[in-house]
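Analysis of the macromolecular model
The chain contents come next:
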Amino acid sequence: MIKSEKEYNALLERIEELLSNPDHIENPESKRYLELNILSDLVADYEERHYAIQPPSLAESIRLRMQERGLSQKALAEFLGVSSSRISEYLNGKSEPTLQIAREISRKLDIDASIVLGV
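All of the points below concern the structure found in this document. Model, not experiment: these values are computed from the prediction.

**Quick notes on the nonpolar core**
- Counting residues in hydrophobic clusters, the biggest one holds 17 residues, and the most contacted among them are I62, L76, I87, I105 and I111.
- In terms of residue count, the dominant contributor to this core is helix α7 (residues 99-109) (4 residues).
- The contact partners of L76, leaving out residues within four places of it in the chain, are I62, M66, L71, I87 and L109.
- Counting 9 residues, the second-largest nonpolar core is a separate cluster that includes Y8, L11, V43 and Y46.

Below, the structure is given as structure tokens:
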């Protein structure tokens, strides 16, 4: 287990050294292959504890889909069958969609239900 940022940085440097030789990556019989895998697992565990990536919020997800699909708030409102002001409330975190609208957001915008429902 990595106990400090200093240890973490030292292991990152060692991993970089090991990655510079393809044999350490491709040859399971190499001792350095095993070392690389163990160090990578330790670093991954440390990063999960200290640099965990949070799932996006509903507002962030909706904004992303709007941008990807070139939708304005008005166009999104029409697409989902709600008012523009309701979309504004979702985007500003002032209200949550009803279950019916949450299903529509998930289905029509292809946003994971756990994000839409905040689970």
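On we go from here.
**Structural notes on the side chain of S61**
- Along the chain, S61 turns up in helix α4 (residues 58-69).
- Exposure remark for S61: the relative accessible area of 8% places this residue in the buried category.
- Among residues more than four places away in sequence, those in contact with S61 are P56, I111 and I115.

Definitions and limits used
Residues numbered from 1 in each chain as written. Predicted model: local features only at pLDDT ≥ 70, side-chain atom pairs only at ≥ 80, totals over all residues. Heavy atoms only, no water. Core = buried A, V, L, I, M, F, W, Y, C linked by side-chain atoms within 4.5 Å. Buried < 20%, exposed > 50% of the residue type's maximum accessible area, 1.4 Å probe, protein only. Helix = DSSP H or I, 4+ residues; strand = E, 2+ residues; numbered from the N terminus. Contact = heavy atoms within 4.5 Å.

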